[in-house]
Structures are given as structure tokens and as C-alpha cells.
Amino acid sequence: MGSQTLQILRQGVWAALSGGWYYDPHQATFVNALHLYLWLFLLGLPFTLYMALPSSMIIVAVYCPVVAAVFIVLKMVNYRLHRALDAGEIVDRSANEFTDQRAKTEQGNCSTRRKDSNGPSDPGGGIEMSEFIREATPPVGCSSRNSYAGLDPSNQIGSGSSRLGTAATIKGDTDTAKTSDDISLSLGQSSSLCKEGSEEQGKFSSTLYETGGCDMSLVNFEPAARRASNICDTDSHVSSSTSVRFYPHDMLSLPQIRLNRLLTIDTDLLEQQDIDLSPDLAASYGPTEEAAQKVKHYYRFWILPQLWVGVNFDRLTLLALFDRNREILENILAVVLAILVAFLGSILLIQGFFRDIWVFQFCLVIASCQYSLLKSVQPDSSSPRHGHNRIIAYSRPVYFCLCCGLIWLLDYGSRNLTTSKFKLYGITFTNPLVLLSARDLVIVFTLCFPIVFFIGLLPQVNTFVMYLCEQLDIHIFGGNATTSLLAALYSFLCSIVAVALLYGLCYGALRDSWDGQHIPVLFSVFCGLLVAVSYHLSRQSSDPSVLFSLMQSKIFPKTDEKNPEDPLSEVKDPLPEKLSNSVSERLQSDLVVCIIIGVLYFAIHVSTVFTALQPALKYVLYALVGVVGLITHYVLPQVRKQLPWHCFSRPLLKTAEHNQYEVRNAATMMWFEKLHVWLLFVEKNIIYPLIVLNELSSSAETIASPKKLDTELGALMITIAGLKLLRSSFSSPTYQYITVIFTVLFFKFDYEAFSETMLLDLFFMSILFSKLWELLYKLQFVYTYVAPWQITWGSAFHAFAQPFAVPHSAMLFVQAVVSAFFSTPLNPFLGSAIFITSYVRPVKFWERDYNTKRVDHSNTRLASQLDRNPGSDDNNLNSIFYEHLTRSLQHSLCGDLLLGRWGNYSTGDCFILASDYLNALVHLIEIGNGLVTFQLRGLEFRGTYCQQREVEAITEGVEEDEGFCCCEPGHVPHVLSFNAAFGQRWLAWEVVVTKYILEGYSITDNSAASMLQVFDLRRVLTTYYVKGIIYYVTTSSKLEEWLANETMQEGLRLCADRNYVDVDPTFNPNIDEDYDHRLAGISRESFCVIYLNWIEYCSSRRAKPLDVDKDSSLVTLCYGLCVLGRRALGTASHHMSSNLESFLYGLHALFKGDFRISSVRDEWIFADMELLRKVVVPGIRMSIKLHQDHFTSPDEYDDPTVLYEAIVSHEKNLVIAHEGDPAWRSAVLANSPSLLALRHVMDDGTNEYKIIMLNRRYLSFRVIKVNKECVRGLWAGQQQELVFLRNRNPERGSIQNAKQALRNMINSSCDQPIGYPIFVSPLTTSYCDSHDQLKEILGGPISLGNIWNFIVSTWHRLRKGCGAGCNSGGNIEDSDTGGGTSCPGNSATTASDPHNNVSQGSTGHPGQGAGSGLHPPTTSYPPTLGTSHSAHSVQCSLVRQSPARASMASQSSYCYSSRHSSLRMSTSGFVPCRRSSTSQISLRNLPSSIQSRLSMVNQMEVASQGGMGCVQHGLPSSSSSSQSIPACKHHTLVAFLGAEGSQGGATEAQPGNTSSPANISHARKGEVIYRVQIVDLSQILEGINVSKRKELQWPDEGIRLKAGRNSWKDWSPQEGMEGHVVHRWVPCSRDPSTRSHIDKTVLLVQIDDKYVTIIETGVLELGAEV
């Protein structure tokens, strides 16, 4: 503990004060001395120049070039040294031969060759490193005495005998510190490597970068003897000691294997010889240790092409000296910043801004800023990550330049003020005193830089830029929060462009003449465009990536090239396409809506309503916004809360699911949700725009007057204020009504003299109120956190800090005000009661885009999958459920927020979703108009003890508390007791709703060990395994190919013998049901006894059944596969199937697809590996599901039919896959109804197998709203404690449970490695357009395509209505004609019966229709139908089927058509289509006999109705669609089809025959009665029979008396009851007896002896009673 404290004081506190310099005892004297002298030089140079030289530009002219020269030299040397180390050109030499090195190197001419490492001089043999890849530069904290080199494998090296490499020998120094003290320089001629013939040199670049650890990859060591003869070196004194040699030219000759591991390097071990790095080699290299100790190595640093310098230190020593700048641009930026710091600092010095001791302090600030460019503070107090942070090095010089520039500008402005004054609220901002005060404040802040950076009040540069753009966009332009630096810049730029475009219109309008009753038209145009632009900007997300990808796809469409051999080619994430479609729909909608809004508000404004109705209009608008806002954002949310006003114990307005124990359906839409949506819509789209336009009209002239801001500045302020108010009201209107009401009351009634027009008052008060809300949240967090009666001390420090913080309460309040002003978190120091202000952060908070990457087979190597099974811990496997929860929220979150199901919400709010096993924190980041961007952080399923205590706190009820102070008198029913109400007010969280319905997966896990404990259960599993293999091989489409495969036949030749028996010891009589005890194995005969019936049944279900007998090839194939499958199971179980653990291990190995073919008898399977992938693997997976079903009904699957149907059903409805398979994740994200997996959990010493079953259903969550400042403060505290203070204690006090703040749950949700969430989602945007219930209220997006569809559908409805009213007066659905030429008198005859309006074709020759002269004659059908498949198909296609008959329908050419759709017959058969104006069935493709009979019946009906008709002879033309049947005649067609099918060989009616009157009469009154099923009880008209208005004319008075509740008595109709229709009333009928009193068809249904009157939409038509 003491050493860690000293390290923090040195590397944290002192380094932060000095800018990076501190004494490191672990470094050599040379490193510390160089750091000290360099820091003293940077400190003393400006101070000496200022003291010695007069205050003039001479100081600048001397100081800046000196600093530039020093930094250029240091950065260039540092960069070149790192490049030299990257090349790996290392030379070994003996210590006593160092002096004559130059003479030896000048003789480099290939005369000396390197000896064979396995020769006499090297008895131990050398080893070479064929690959040495360094992926991360370790921080200095790892070790500064450890050498390493990096090679880039991507560099191409010459091949063959012409390849040259650098013979490099790396040797660990016996005393690295001593070696690093001196840098020996040796000049020599470059002749180190030569080769007879051609020569090439490979240059290598490093792949090193700084991360938070030492990440190495050391692989592929092998003897170096085979390459020693190809290398020559001019150094004749080659070490004969054992060494590790680099041969970069051969690095790509071996397979590349990377081992990424976080290493903790022990500095003591690293001081040993290199041979100690490999314990296996230590014994063989023992005799050469003395020689190794005498060897030193140096790196060749090339100065000129023929001149090099030997450098005697390694890379970590170099990293300890200076930070590495990897790119040339980074070095240039560092040099430029150093020069800029010197220039601005010297300018301020000579201008006399500093005196006395402050000169030295300012020089100290300059030195710290410059020194951080050479050796930065790592880790810095504002660094958001562990390890080396390259960006943080530029923070100090950048902030210094900004402050110096601001000081100079403020001073210049105070001395060169113009005559114009800018005054607001009594403050003259152009007063020189104000500017001088601001300048002095910035000077003091600059002098306090060491303290500021030590405390960590300023973030790194990119975070500051994002924060600044976001805050300006939110508070000045009314924008939303941003998700990244690019998004912040994009959003800020869009706001500036919008203001620039609107500014011209406003300025032009203000230049026109204004009077009391006239506003220029140009200003009305400006107002209309202002509303439209604000609406559009509020609906766009700040992240432009989706928009850019959409534009790219439209301009440069890409073709998806899928690799059929790639198993991941079918796995496609649907989310990107869904987001792209949502953005496209919103853009199309905005194109229309913005035009409508602009024109509408332009018309309203130009109508002078804002001038003629004053002053009454503004007070009406103020009162309206107050009432609507109070109801929408206060009353309704409070009465819907779980504890309204913290007084009641249950919500006053309950949802339909509130009292349900288990929710089975989606959330029901309630009336108060609809009221909330409409009030919100009216508030933000009508009331607020009218208020803003009203204030624009009344305040614009005053603001632009010379007394205020003048025209130029006034136009800018009007544009900005109007844009900000409108955008904020569109995006987040939650608290706008409070701002408006307070502003009106304050500036209209209290302090009217201070008003600067209501427009500017609203603008500035909106900014002030946002800060006041933030201050309120901070104070609530502080008070609830430090309340003495509920404080939880997590450590001894907390006990000390609690009383110590009491006297500093005033300072705490000041900190809260300051942090609220700058929007910075107020975090508890080490989790205690002492609060400190952190640095500024954006709403997103976390500065890096961290999100969980799930470990599965798509991102791990095959060897690791087979050996270690990566990602088998519960947390990795359970993360998929949070990912699915994220997708569900993406679909419904925005709509649920608009429906008020989460209560009030604003930007940055945090909610916790808690269910039985899921606990997730949802962070709302960006809230726009109809969109929400959020991030979900999933916590562990089995959390720690502290997490469980906090979960209990948020899920336990408070109604049982009956306490009142110290006694328990009870409480009023449904009202909280005094103690409970008091406790709820002292929490940083509150329960919003207890029944939030969201689609998810219910998880059921069963122990596989308990299900397979006894041998009988394992025998059942094996039996289903074999049956599953048989099923999949017989149903495969490649079965004929497999049976004809000669290779397989040859491999299965032995199995074809009837007496063949497989006596593998793997088979077990306790497990294998077909085990032959006499032959001690599985014989073909015993296999057929058990499984031949199943093979026969499976074969019979094929479209082309195969021959199945004991000697058939199919039985041989099934036998061979089943034996192979069981042998693979035994092999995976290590031939120990009798042992449960081994059996489970083998079962899991086969389940994930790890099949090991170990027997020669099974090698025939390699003829087609599809047998394993498509037969055996599905077989083992299906057997687990069948084994589970076995427990519910043990004997059910003995019937082959039941078993076969069960497997077919499971194939359709169930996904069975290993959880590491990408198909598992794809199935979960695709909302598959059910999934099953076998999980092997190896976590915390457990070794357990579970059968995981997922079922998609609606889950119930508790929604807990957490104080967002509590979350931000705790997150900031954890980051500072773990990164800057380096507290690695897993049981630290700051993560102990604190129920009042949910401290453990919030801290565990931090980004890893600070927290430990099992899933962190990427930033996800939810749009309201995807919420179906919200669409029912407000409708879908308004686009050009939707408008066109609406117009077309409206025209069709009007045309149908007119046809129904003018032609027949019948049902609208049944009144459409087929389009053919009707006979004379057709309209007259059809008007008498609204049900018989059948379209007629014109007369003609037999076989021809109306178009006989234009089309060729049709081809006649066969004369007989009999019981043909076509007649059966047509009949099944037309009969409406009940759900009970769905299975039958799926086996025929049946296509369901609801009452509101139609079936049309094309040449390819019956296909479903949308409802159109012709709700009918075309007769074009019906058999000729059916066409003839239907044509005659239609003619008979028409003739019998009017006394005269047009008799049509012959068949309708196949080229004409005029012959059709309305929907009401479907049952007639069914009757004919049934009659036709029953006749068998009857001949069709001959054309030209006339029908007898009897036939006509039968057709007239023989309409087939059809049955219906009641599906909606709300459509029943229970009291229509006793109504005094007598809306309906009943067919019989007795029926009327029986058709209502008065005659039913105890009986009542129920859903699912069936009956037949005895009468129909249709709307617009000319016959009063069949006329409906409403615009819907009413049916009279007879159920037994009861009659039920019901609207047609409440029944399901089952078909005709034939």
C-alpha cells in the first residue's frame, strides 16, 4: 500500500503539477538526469531571457528559434531511433572487443562468414525467432529495462537464394541499467550484410502502438542451423554464445500464429539471460552462460548511407526517455505546438501581463506545457482509459494557446472599443471594465494550470471539442445531444447553415417598413420557413452515418456477392437496413410535411391574426400552454406512476396488464395513452409554434431598433432565438411549459422593467432553466447520498469522510452551482461523502465507443473452439439476451416514450429495466422529434451480493410498511404510511411502472446431468439420436445421390452383409437399444429389428418412396450412419459412455459439431461431408429436444406418425444450435419463436451442462428512473479512482451497495474494465414510425407514395360506393361488375336481388366470349372431371377453413383469403392478392364443365328475376375475364364443385342446352347456406331486437323475439361458437327487408335454437353447408 501511494504521488500528483517530470527510481540515472536537465532548461530559458533582456521582441526572436531547434532535434532523433529499433538490426559483440570495432567494420567484404550454430563453436545450437510481432507498446509502468523489437509481417521479402536478412542477435544485458548509462557511438562503413550474387535488404516497419498493457506474440522457435550458411557478416567477432536470432526475410515462410495475451512482466526475471525466457532450453544452454554474460548488443542507427552509429540501449529505455510519436504528422504537430506555446507565452511576458513571482509561475506553466509534448503525464487525471493515452499529451499546450489568445483578444477589445454598446438586462457587455475583468479571470485560470490539470478539470482535446459543439448546439440553436465528435461537428454545422439561410430573409424583412397593423410579407415568409426548418432539424439524428450510407447506396449501389461456401454468408443483420428504411421514410415525409407546415404557418402569419387579436391572443396562448402542459407533463405522469406523488401505493390510472400475473399479449392501448399522445401532438405542433410566432411578430421590430440591438445584430438574435425555441419545443417539450409560465409571470407581472422583449426573455430563460434543473438533480443526489440515517460506509475512509464533509457544506453547494453551470459531473471521492467536480463531458459521457463483442465461432480460431471452447462462460452466452432486448427497444422505445409509458423523460435520463433475470441500465442520449438514441448496459444474471441487495430494493413493495416514526399504527388503504412516504422521498430513484411489456425470451435451463443420470434415460436419448439420423437421411434431397455413390457403396460393402456385426467397444448394452448380447455388438439384424419400421415409415413419407427391406441399400446406409454416429459419440466421450460426465462431454462435443472419425470403418463418410453436416449433426440436436418431450409423454413417440410429425413441427418452429454458432445469434435477433441449446458452463470452478430452452413471449419489466446526475457522478468517480488513482481492489468501498443510490448497479454498468457489464450495446436509434400502436393514433409517415396510395384507394371506394348506390343498391363488396358487356335489361333485373348481381358476358358462339372476334378460340378441357385433383384443389381453395383445419389446408393447393381480401385465379393457380374493386373469382381457368354450368345458372337467375333475359350459349372465352363470381357466390361454386366431384364419370353439359323451370327454381331458391364462427364478441348486437327505433326489418317476428339478450336468459354466445346464416342485412340496399341500418353488413346467425345478430366483421366464414 505504501509503495502504491508513493507511486501515485510521484507519477500522479507531482507529474501533474510539473507537466510530466518526476523522479523514477526504477529508471537509470541517465534517464532521470536527462529529464531533470531538460525540464530545467524549458523552465529557465524564458525566465532568464525575461530577466536578462529588455521586454521587447528580442525575447521572442531568441526564445522561439531555440525552442524550435531543440524540439526538432529531439523529435527527429526520437523518431529515427524508433525506426532503427523497428528494423531489428542488432549487432552482438564481446565486451573486450568494443574498442577496435571501427577497424573491424571497415574490412567488411564477405571474407568472414557466420559459423554454423550447431558447429563446434556453438555446441548447444542456436534458435531463431521466425516471427516476432508486437501489437502494443507497453507502458513505461510495465518495465523500462526490457528490450523487444517489432516486425511487420505485411512487408514482402525476396524469395529464394536472393533473399537477404538481417542477422540479428538479441541478448539480454546482465545489468540493463548499467548498459543504459552510456550511449557508445561507433562509426563504421556499411558493409554488415553481403551475399554472392544479387542482394536485397528488407525494410521493416513496426506495428507498435500504445495500449494499456504488454501484449506480445512469441511463436515458432526453431534451430537456426539451416540458414547459417546463407548469412555473412563483416563482424569477424561473432559471438558463439546461445542467442535468439532474427531472420526477418524468412518470417513469412511459416504459418502465422498470434497469441494476444496481457502480460504482467516481472522486472527481476527480465534481468536474466535470454535463455531464461524459455525454461525448456535452459538445461541445454547452461554451459554457455559465462560467454553470454560477456556479450553486449547495440542497434545500428544510420546517419548517412555509409555511416552509422551504435546505440547501446533498447526500446523500453527509449520509451522511458520520450513518448513515441508514431506518425510524421504527430511530430510536426508537437513541434508546431511547442513553438506556438513559446511565441504566445513570450508575447504575454513582454506585454507586461505578469509581475513579480507570477512571472516565474507563468514560466513554470510554459515549461509544463512544452515538457508534456516530450514526456506526458501517464495516466493523466482526465484520461478516460488505462495505459498510454496519445491524445492527452496535447491537452496542456492546446489549452494554453486558447487561454493566451483569449487574454490577448480581451485586452485588445478593452483598449479598442467602438462607440456602439451591447446591453442586455442592465449589463453592458462592451464595457471595458467587463472585458478587463474577464481578461484577469482568464489570467488567473492560466496561472493555475498545474492545479487545474492535477484535479482534472479539463478533458482531453477531442472530448472538449465535442462538449463545446454539443453545448452550443443545445443551448444556442436548440439542437439535440450528439453521439460522437463527427456527429457534434455535423450537427453544429447544420445549425449554422440553417441560421445563415434564415438570417438573410429576416434581415431583408426588418429593413422593410413596419407599422402597428402591418407586418411585411417577407417576414411572414421567414416565419413559415423558420417553423419548417426547425421541424426538419428536430426530426434528424445527429449521427450522419446512416444518412451518408443511404446516399451512397442510392448513388453507388453495391451488389451483394455471397460466397455459397461461406457458412456466414446467410447470416445478415437486419438492423442496418431497418434504420436505413426509417431514415428514408422520414426524409420523404419531411419533404411533404415541411412544405405543408411552411405554407400553413405563412398563411396564418400573413393573415394579421397576430396583430389584430392582440393583446388577448397572447394571454389565451399562455393559459392554453399552462393547462395543456400541466395535464400532459405533470398530472397524467403522476397518476400513472406506481406511487403517485409518493403518497399512494398504487397507480390511479392502471393499465390493463397491471393486475395480471403473467402477461401473454402486447400492451393494451388505454384511453389515457391516446389522450397523452394527442395532447402532446397539439402542444408541440400547434401551441408552441403559435407562441413563438406571436412573440416574433410583437418583438422583432423592438429588437431590431437602434435602441436595442440594431438591424444586423437584431436579425441574428431573432433568427437564433426563434430557431432555438422551436427546435427545443419540437424535440423535448417536457419542461417547456414551466419555462413559459415562469417567464410570463416574472417579466409581465413582477419585473416588467427588466424585460428585453418576450422573445429574448424566453430564449435566455430556457438556458437558465436547463441549468437550474441540472442543479436541482445534483442537489437531490448529494442530499440523498449523504443523508446520515441511510449512509452505508463501504470502507474505513468513508467513516472518516462523513463527519469531515459536514463543515464543508457551503463549499459543496458552490461546487454544485459551478458544475451545473458547466454541465460537469459531481462525483463522490472514492465513493465517500466528499464531492469534487470532474471535467466536462458530453451527454454521451463515455469518450470511447465501447460496445460488447460477443465471442462465438465467427471470431475465434477453429483450434480454440475445439480445445478451449472460448466464450463458454455464462456472461458471454447470456449477453445475447441483452442484445435482443436492445433490438426490441429499438423497435418500440420511442413510441412507448411518446405514449407516456416511461413517464417524463429528457436528454441524458437513465432508467433501469428489471425483470426476473434481466437487469439493464438504459441511457437516453439523444431525444429528437420522433426519435430517441439510447445505449443499453446489461448486468450479470447472477450478480454479486451487493447487486442482489439493490435488486431487492427496487423490486420489493412498500405497501406493507405500516410505520409512523417509532410506532406502527397502520395506514389508510392504498395510501403509503408515513415512514414509507418519507423513505421514498429520500431516494435517488423511483419506480415508474411495474408492468412494462416488451417482447423478449423466457429462459428455461435444465441440468443435463439430472436428465441423463440413469442408463434408461441415456438409452432413450440414443434411440432418438438414431431415429433422428434415419429421419434426416430419408428426407434429404440428396438421398438418391448418396445411394448411387460408388465410394460409399464400397465403404459400406461390409455393412451390406446380413450377418455383419460391429463389435466396437464403444457400444454399451445399457445405452444402445439394438445391442446384440450374443454377438457383443450392434448387428445389422438387431438394428433392423428395432428400427426397420421407422425406416419404412420415413421412406413412405417421401414424394417418391424407395424400396425398403432388410437387404436394401437404404437400410445399409442408415445402418452405417447410425453406427458411425454412435461411435463418434463414444469417441468424444473417451470411450467412457458409462460415466455420466464423459457422456455429457461427448454429447456436447457432437452437439457443437466436433466429430472425430477415428475408425477406419467410418472413413467412407469422407465421400460426402454433407452427411455429417446435414444428417448426423441435426440428428444429435433433435434427439435432445425429443428426449425433453419424452418426460411429458413417455409413450407418445412410440407411434411413428406422431414422432414424424413432432420432428417436422420442431424443424419449423424450433432452432436447435450451439450457442457459439453464428446461426444462434442470427436466430435470436430474427425473433425465432423457440430455440434450444446445450450449454457447457466452465465458470468459477464449475463444470456444468445445461439444456437451455428459449421461448419468445412478452416479458414484464419494472422501469426505475434514476437521477441522471447520480449516474454521471458515480461513473466519473469510478473512472478517476481506477484510472488515475489506480485502485485495483475488487472489494473497494466505492462499489459496495447503497440502496438509496443503487451505487453497485450503476458502478458495475461502467465501460470495461472500469465496470463489469456483460453487454454494452452500440448507440442505437429508435424511431416512432416503427411503433404500430402509435401509428393507429397518428397514422403513418406522410410521403408522396403514401398520398398516392391514399388517393387511389379513396377513388376505388368512391367508385364502389357509387356503383352500389346507383346500380344495385347492394353490398359494396358484392356490387362490382366484371367488366363485360351486359345483356339488355341487366341492370333492371339485377336490382331486385342484391345478392345475385353476377356479371354477364355477351352472347356468342359456343366456346367464345365477348371477345370472340379478337381472340383465338380456347382449348377445350377433358370432358370428364370425376374425382380429379383439379376439382379437389379448386374446392379446397374456395372453402373458408377454420383454424382446426389449417393442417389440412397446408397439404393442398389452398390459399386462405379473409373476408376483406379476394382470391383471383391466374394461369398458375390460386394466389392471394389485395382487396380491389373486383372482389370476385375469375372463371378463366376453371374446368369447362364448371364454366358451362355456372354460366347457365347465372343466365337462369337473371331471366327469372326480370321475366326476360339474355341466354348465353357456350363457354366463356379464356382470353376474357368477364366471367366472374362475386364473393357472395363462392358457396354456389362450391356446391357445383361438390356435385361435379360426386358424379365421377358424368359428362359435362353440352353448350346450347336450355334449362328447365325446375332447374331455374332450384337455382333461385337453392342458395347454399354457409356456416360462420364467432370470433369477436364485441360485434354482437344484443339489444337490436327490442329497439324502439326498429332499425331492421326482420324476416319473421318470432325470430326477432328470439334474437336478443331478453330471450337468451342464462345462455350467452361465446367465441368459437358456430352457426349458419339465415338472413343478411347489407348497407344501401333498395330492398328494406335486407337493408342494414349502419354502414356494415349485419348477419342473423342461428346457433342451435338461438339467434344471434352480429356484424359481419365479427365472424369467420367456414364455408357452405353442402
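Residues numbered from 1 in each chain as written. Predicted model: local features only at pLDDT ≥ 70, side-chain atom pairs only at ≥ 80, totals over all residues. Heavy atoms only, no water.

1. Quick notes on the nonpolar core
The condition is simple: The term nonpolar core refers to a set of buried residues drawn from Ala, Val, Leu, Ile, Met, Phe, Trp, Tyr and Cys, joined through side-chain atoms within 4.5 Å. Here's how the labels work: a residue is buried when its accessible area is under 20% of the maximum for its type, exposed when over 50%, partly exposed in between, all with a 1.4 Å probe on protein chains only. By definition, any uninterrupted DSSP run of H or I lasting at least four residues is a helix, any uninterrupted run of E lasting at least two residues is a strand, and each is numbered from the N terminus. Here, residues are in contact when the closest pair of their heavy atoms is within 4.5 Å.
Grouped together as the largest cluster of nonpolar side chains are 125 residues, with contacts concentrated most on Leu-889, Trp-902, Leu-924, Phe-1087 and Leu-1121. The leading source of residues in this core is helix H37 (residues 1113-1132), at 12 residues. When sequence neighbours within four positions are dropped, the list of residues in contact with Phe-1087 reads Val-1026, Ile-1030, Asp-1074, Leu-1092, Ile-1095, Val-1115, Cys-1118, Tyr-1119, Cys-1122 and Arg-1126. Grouped together as the second largest cluster of nonpolar side chains are 67 residues, Phe-477, Leu-510, Tyr-622 and Met-717 included.

2. A look at the environment of Gln-1278
Within the element layout of this structure, Gln-1278 appears in helix H42 (residues 1268-1284). Distance from Gln-1278 to Asn-1307, taken between C-alpha atoms, is 6.8 Å for residues 29 residues apart in sequence. When residues no more than four places from it in sequence are discounted, the contact partners of Gln-1278 are Arg-1292, Ser-1294, Ile-1295, Asn-1307, Cys-1310 and Ile-1314.

3. Structural notes on H37
In an α-helix, one full turn covers 3.6 residues, which means residues spaced three or four apart are oriented alike. Heads up, the rule is: One fewer than the residue count of a helix, multiplied by 1.5 Å, yields its expected span.
An ideal rise of 1.5 Å per residue puts 28 Å on 20 residues; H37 measures up with 28 Å between its terminal C-alpha atoms. Of all 20 residues that make up H37, 19 are buried, and the element is covered over most of its length. One or two steps after H37, the chain reaches His-1134, where phi turns positive at roughly 60°.

4. Details of unusual backbone geometry
With an omega of 0°, the peptide bond running from Gln-378 to Pro-379 counts as cis. Looking at the secondary structure, you find Pro-379 in the loop between helix H11 (357-374) and helix H12 (395-415). Going from Gln-614 to Pro-615, the amide bond is cis rather than trans, its omega being 0°. Among the secondary structure elements, Pro-615 is positioned in the loop between helix H20 (609-612) and helix H21 (616-640). If you check the backbone angles, Ser-823 has positive phi at about 60° while not being a glycine. Positionally, Ser-823 belongs in the loop between helix H27 (809-822) and strand E11 (826-828).

5. Let's talk about the pattern of salt bridges
As a reminder of what qualifies: Put simply, a salt bridge is a Lys or Arg side-chain nitrogen that is within 4 Å of an Asp or Glu carboxyl oxygen.
Taken as a whole and judged by the stated rule, the model has 50 salt bridges. A salt bridge links Glu-990 to Lys-641; the shortest N-O distance between them is 3.3 Å. Of this pair, Glu-990 sits in strand E16 (residues 989-1007) while Lys-641 sits in the loop between H21 and helix H22 (671-703), placing them 349 residues apart in sequence. Taken as a pair, Glu-990 and Lys-641 share a single burial class, namely buried. Note that Glu-1085 is salt-bridged to Lys-1110, the shortest N-O span being 3.0 Å. Here the residue Glu-1085 occupies a position in helix H36 (residues 1084-1100), and Lys-1110 occupies one in the loop between H36 and H37, the gap between them amounting to 25 residues. Glu-1085 sits in the partly exposed class, given a relative accessible area of 32%.

6. Side note on the packing of aromatic side chains
Each aromatic ring pair is described using two quantities: the centre-to-centre distance and the angle formed by the ring planes. Heads up, the condition is: The rule is short: rings of Phe, Tyr and Trp, with Trp giving its six-membered ring, pair when the centres are within 6.5 Å, and they are stacked under 30 degrees, edge-to-face over 60, tilted in between. Charges are assigned to positions over rings by a cutoff of 6 Å between ring centre and Lys NZ or Arg CZ, combined with an angular limit of 35 degrees from the ring normal.
Going through the model one piece at a time under the given rule, you end up with 60 aromatic pairs. When the ring of Phe-746 is compared with that of Phe-747, the centres are 4.9 Å apart and the planes differ by 80°; the resulting orientation is edge-to-face. Residue Phe-746 is classed as partly exposed on the basis of its relative accessible area, which comes to 26%. Of note, Arg-841 hangs over the ring of Tyr-839, and the distance from its end group to the ring centre comes to 3.9 Å. The aromatic ring of Trp-1275 is capped on one face by Arg-937, whose charged end is 5.2 Å from the ring centroid.

7. A word on the packing of helix H10 (residues 328-350) against H11
Stated formally: Angles run from 0 to 180 degrees between N-to-C directions of axes, and those axes are lines fitted to C-alpha atoms, restricted for helices to the stretch in contact. When describing relative orientation, an angle under 35 degrees is termed roughly parallel and one over 145 degrees roughly antiparallel, while 65 to 115 degrees is termed roughly perpendicular and anything else oblique. Three classes are used: nonpolar for Ala, Val, Leu, Ile, Met, Phe, Trp, Tyr, Cys and Pro, charged for Asp, Glu, Lys and Arg, and polar for all others, with Gly counted as polar.
Two elements in contact, H10 and H11, have axes separated by 9 Å at closest approach and are oriented at 175°. Regarding the angle of H10 to H11, the classification is roughly antiparallel. From H10, Ala-334, Leu-337, Ala-338, Val-341, Ala-342, Gly-345, Leu-348 and Leu-349 reach across to H11, where they touch Val-359, Phe-362, Cys-363, Ile-366, Cys-369, Gln-370 and Leu-373. Split by residue class, the contact of H10 with H11 holds 13 nonpolar, two polar and no charged.

8. Focus: the pairing of strand E30 (residues 1642-1647)
Threshold: When DSSP locates at least two bridges between a pair of strands, those strands are taken to pair.
Burial of E30 is extensive: six of the six residues sit out of reach of the surface. Residues Val-1642, Leu-1644 and Gln-1646 point to one face of E30 and Leu-1643, Val-1645 and Ile-1647 to the other, with burial holding for every one of them. Pairing analysis gives five bridges linking strand E29 (residues 1618-1625) to E30, with the strands arranged antiparallel. The partner of Trp-1625 across the bridge, within E30, is Val-1642. Pairing geometry for E30 and strand E31 (residues 1650-1655), over six bridges, is antiparallel. Its bridge partner being in E31, Val-1645 is matched across the sheet by Val-1652. Remark: two residues form the turn of the hairpin made by E30 and E31, two consecutive strands paired antiparallel; Asp-1648 in that turn has positive phi of roughly 55°.

9. Points about empty space enclosed by the protein
Let me state the cut-off plainly: A pocket here means an open set of points on a 1 Å grid, computed over the protein atoms alone, that has protein on both sides within 12 Å along at least five of seven lines. A cavity is instead a set of points where a 1.4 Å probe fits but cannot get out; residues with an atom within 4 Å of a point line either one. Grid points are joined across faces, edges and corners, and a volume is the space filled by probe spheres set on the points.
Volume-wise, the largest cavity comes out at about 760 Å³. Together, 33 residues line the largest cavity, and Ile-474, His-475, Ser-770, Thr-907 and Lys-1268 are the ones closest to its centre. Every element with two or more residues in the lining of the largest cavity is listed here: helix H15 (461-475), helix H23 (710-731), helix H24 (736-750), helix H25 (758-786) and H42. Of all the elements, H25 adds the most residues to the lining of the largest cavity, at seven residues. Its residues assigned to classes, the lining of the largest cavity shows nine nonpolar, 17 polar and seven charged. Taken together, 22 residues make up the lining of the second largest cavity; nearest its centre are Arg-640, Thr-655, Arg-901, Val-993 and Lys-995. Secondary structure elements with two or more residues in the lining of the second largest cavity: H21 and E16. Take the lining of the second largest cavity: its biggest share by element is six residues, from E16. Class assignment of the residues belonging to the lining of the second largest cavity gives a composition of eight nonpolar, seven polar and seven charged.

10. Some words on the confidence of the model for the chain
Going by this rule: The predictor reports its confidence for every residue as pLDDT, a score running from 0 up to 100.
Of all residues in the chain, 72% attain a pLDDT of 70 or more, and the chain-wide mean is 75. The low-confidence segment residues 95-292 (pLDDT under 50) makes 398 contacts with residues lying over four places distant or belonging to another chain.

11. Some words on the sheet that holds E30
Spatially, the five strands line up as an open sheet ordered E31-E30-E29-E28-E32, and their pairing is antiparallel. This sheet does not close on itself; its edge strands, each paired only once, are E31 and strand E32 (1659-1664). Adjacent strand axes in the sheet meet at a mean angle of 40°, parallel and antiparallel pairs treated alike. The sheet contact formed by strand E28 (residues 1570-1574) and E29 spans three bridges and is antiparallel. Looking at E29, one finds that Arg-1571 is bridged to His-1620.

12. Observations concerning the packing of H25 against H42
A pair of packed helices is captured by two measures, namely the crossing angle of their axes and the spacing between those axes. Here is the rule we go by: Handedness of a crossing follows from how the near helix is turned relative to the far one, being left-handed for an anticlockwise turn of less than a right angle and right-handed for a clockwise one.
Contact pair H25 / H42: the axes reach a minimum separation of 8 Å and the direction vectors enclose 70°. As the angle between them shows, H25 and H42 are arranged roughly perpendicular. For H25 against H42, the interelement crossing comes out right-handed. Listed contacts from H42 to Glu-774, Tyr-777, Lys-778, Phe-781 and Tyr-785 of H25 are Lys-1268, Glu-1269, Cys-1270 and Leu-1274.

13. As for the environment of Thr-1324
To be explicit about the condition: Here a polar contact is taken to be a pair of N or O atoms separated by no more than 3.5 Å, where protein atoms must pair a possible hydrogen donor with a possible acceptor and residues adjacent in sequence count only if both atoms sit in side chains.
Take Thr-1324: it is sitting in strand E23 (residues 1324-1327). Taking the relative accessible area as the measure of exposure, Thr-1324 reaches 5% and is therefore buried. Considering only alpha carbons, one finds Thr-1324 and Leu-889, 435 residues apart in sequence, at a separation of 9.1 Å. If we skip the residues at most four places from it in the chain, Thr-1324 touches Thr-886, Gln-890, Val-932, Thr-933 and Phe-934. A distance of 2.9 Å separates the side chain of Thr-1324 from the backbone oxygen of Pro-1322, its partner in a polar contact.

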